[in-house]
Amino acid sequence: MSAATDRQWAVRDAVLRWLLAKTTEGYRSPILDADAIGAEVGWVASPLTHDEVSDASMFLFKESYVTGVPVMGIGIPRPMLTVAGRRVAKTGKPLRYKDDVNRAKLRQRLSGPLAETSATTAVVK
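The structure contained in this document is the topic of the report that follows. (Residues numbered from 1 in each chain as written. Predicted model: local features only at pLDDT ≥ 70, side-chain atom pairs only at ≥ 80, totals over all residues. Heavy atoms only, no water.)

## Description of the overall build of the chain
Part 1: Counting its regular elements, the chain contains five helices and two strands.
Part 2: In the chain, the succession of helices and strands from N to C terminus is α-α-α-β-β-α-α.
Part 3: Taken across its 125 residues, the chain has 31% of its residues classed as buried.
Part 4: Of the contacts made within the chain by residues no fewer than 6 positions apart, 51% connect residues no fewer than 24 positions apart.
Part 5: As presented, the chain carries roughly 8,500 Å² of accessible surface, and 58% of it is formed by carbon and sulfur atoms. (Helix = DSSP H or I, 4+ residues; strand = E, 2+ residues; numbered from the N terminus. Buried < 20%, exposed > 50% of the residue type's maximum accessible area, 1.4 Å probe, protein only. Contact = heavy atoms within 4.5 Å. Areas by Shrake-Rupley, 256 points an atom, 1.4 Å probe, with all protein chains shown as cover.)

If you want it as structure tokens, here you go:
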């Protein structure tokens, strides 16, 4: 994978960890702030951008890890963790881990034997 893809996954993880920390502090629906997220999670790479954080919030929304109101160009400005999002965040595993597991399962299913099992298309001799 490319460095840009690695960073994209890392930003998603950072936003999810930040949301868990804010929820634990009592903020159910904090305002997305790239600088605050970076400071909270100890981001050491080049600073997070607002676009990266907004893209990450939309990914988390589409995966049902957060809920909120999507706003064009902003993402989910005040995301709230869902039960699934809290569960995933508490495991501490990167989101990419789940994606990699799902892809491995898909590859395993696709690599199985492709035998014809339909009675309507079976050849009768």
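From this point, the narrative continues.
## Looking at a nonpolar patch on the surface
Part 1: A cluster of nonpolar side chains, Val-69, Val-71 and Ile-74, forms an exposed patch at the surface whose accessible area comes to about 250 Å².
Part 2: Within the element layout of this structure, Val-69 appears in the loop between β1 (66–67) and β2 (80–81). (Patch = residues over 30% accessible without salt bridge, like charges linked within 9 Å, V, L, I, M, F, W, Y side chains within 5 Å. Salt bridge = Lys/Arg side-chain N within 4 Å of Asp/Glu carboxyl O.)

## Points about the nonpolar core
Part 1: Core analysis: the largest hydrophobic core is formed by 23 residues, its most contacted members being Val-15, Leu-16, Ile-37, Leu-48, Val-53, Leu-60 and Leu-95.
Part 2: Of all the elements in the fold, those that place two or more residues in this core are α1 (3–24), α2 (34–41), α3 (50–62) and α4 (83–91).
Part 3: Here the element with the most residues in this core is α1; it accounts for eight residues. (Core = buried A, V, L, I, M, F, W, Y, C linked by side-chain atoms within 4.5 Å.)

## Quick word on the packing of α1 against α4
Part 1: The contact between α1 and α4 brings their axes to 9 Å, and the two run at 105°. Classified by the angle their axes make, α1 and α4 are roughly perpendicular. Note on element contacts: α4 touches α1 through Gly-85, Arg-86, Val-88, Ala-89 and Lys-90, opposite Leu-16, Leu-20 and Thr-23.
Part 2: Partitioning the contact of α1 with α4 into residue classes produces four nonpolar, two polar and two charged. (Axes fitted to C-alpha atoms, helices over the stretch in contact; angles between N-to-C directions. Parallel < 35°, antiparallel > 145°, perpendicular 65-115°, else oblique. Nonpolar A, V, L, I, M, F, W, Y, C, P; charged D, E, K, R; others polar.)

## Digging into the side chain of Ser-29
Part 1: As for its position among the elements, Ser-29 is in the loop between α1 and α2.
Part 2: The residues touching Ser-29, leaving out its near neighbours within four places in the chain, are Arg-78, Pro-79 and Met-80.

## With respect to the pattern of salt bridges
Part 1: Counting across every chain of the model gives three salt bridges.
Part 2: Note that Asp-6 and Arg-96 form a salt bridge whose closest N and O atoms lie 2.5 Å from each other. Pair noted here: Asp-6 is in helix α1 and Arg-96 is in helix α5 (residues 95–110), with a separation of 90 residues, a long-range link.
Part 3: On the accessibility criterion, Asp-6 (35% relative accessible area) is partly exposed.

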